[in-house]
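Examining the three-dimensional arrangement
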Amino acid sequence: LLSIERKLFTIERKDTSLQLEGNKIGDGGASFIANRLCKNTWIRSLNLNKNHIGLSGTNCLANTLTQYNSTLACLDLSNNPIFSNSQGSQTCFETLLCKFSCLKILSISNTGVSDHTCCALNAHSSLGVSLFLL
């Protein structure tokens, strides 16, 4: 988590992409990143692939992004156990897809998404968001 904190503090305004793939930060790290994104106005792409983030961390990101961030256009949450406990996961992503207007790409491949949730999310993807599920 210390290396993540260093990356977030040293990122310059010209850097529009933050690649944090494979750091195993978990829900606590996702919460930490969400708090930092409240004040960030230049990150356009965030890669959190393979970080052991579950529903709790994803909810924290969704709530923060919809309330405080207006610049992030691409979010990669692939290969995280978000849907291992599927209760509430559909609502979390519906929040991201419906209320976070600047999001254009959401990648949730290999997260354990159920067929039911997949259909519901695809219905929301008509809002202009490219949804990557495979």
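Everything numeric here is computed off the predicted structure, so don't read it as measured data. By convention here, each chain's residues receive numbers from 1 onward along its written sequence. Note on the predicted model: pLDDT of at least 70 is required for a residue's local features to be given, and 80 or more for side-chain atom pairs to be given and counted; whole-chain, interface and lining totals, by contrast, use all residues. Only hydrogens and water are set aside; all other atoms, that is, all heavy atoms of the structure, feed into the side-chain values.

Side note on helix α3 (residues 55-68)
- By the criteria applied, helices consist of DSSP H or I runs no shorter than four residues and strands consist of E runs no shorter than two, each listed in order from the N terminus. Helix span, expected: 1.5 Å multiplied by one less than the number of residues in the helix. For α3, which comprises 14 residues, the first-to-last C-alpha distance of 20 Å matches the rise-based estimate of 20 Å (1.5 Å per residue) to within 8%.
- Within α3, the full set of buried residues consists of L55, G57, T58, L61, A62, T64 and L65. Only protein chains enter the accessibility calculation, which uses a 1.4 Å probe. A residue is then buried if its area is under 20% of the maximum for its type, exposed if over 50%, and partly exposed in between.

Quick word on the packing of helix α2 (residues 26-37) against α3
- Between N-to-C directions, angles span 0 to 180 degrees; the directions come from axes that are lines fitted to C-alpha atoms, helices contributing only their stretch in contact. Running from amino to carboxyl end, α2 crosses α3 at an angle of 5°, the nearest separation of the two axes being 8 Å. With respect to α3, the axis of α2 lies roughly parallel. Across from D27, A30, S31, I33, A34 and L37 in α2, the residues of α3 making contact are L55, S56, G57, C60, L61, T64 and L65.
- Here the residues of the contact of α2 with α3 sort into eight nonpolar, four polar and one charged. To sort the angles, those under 35 degrees are grouped as roughly parallel, those over 145 as roughly antiparallel, those from 65 to 115 as roughly perpendicular, and the leftovers as oblique. Residues count as neighbours in contact if any of their non-hydrogen atoms are within 4.5 Å of one another. Amino acid classes used here: Ala, Val, Leu, Ile, Met, Phe, Trp, Tyr, Cys and Pro are nonpolar; Asp, Glu, Lys and Arg are charged; the rest, including Gly, are polar.

So yeah, pure geometry; function would need other evidence.
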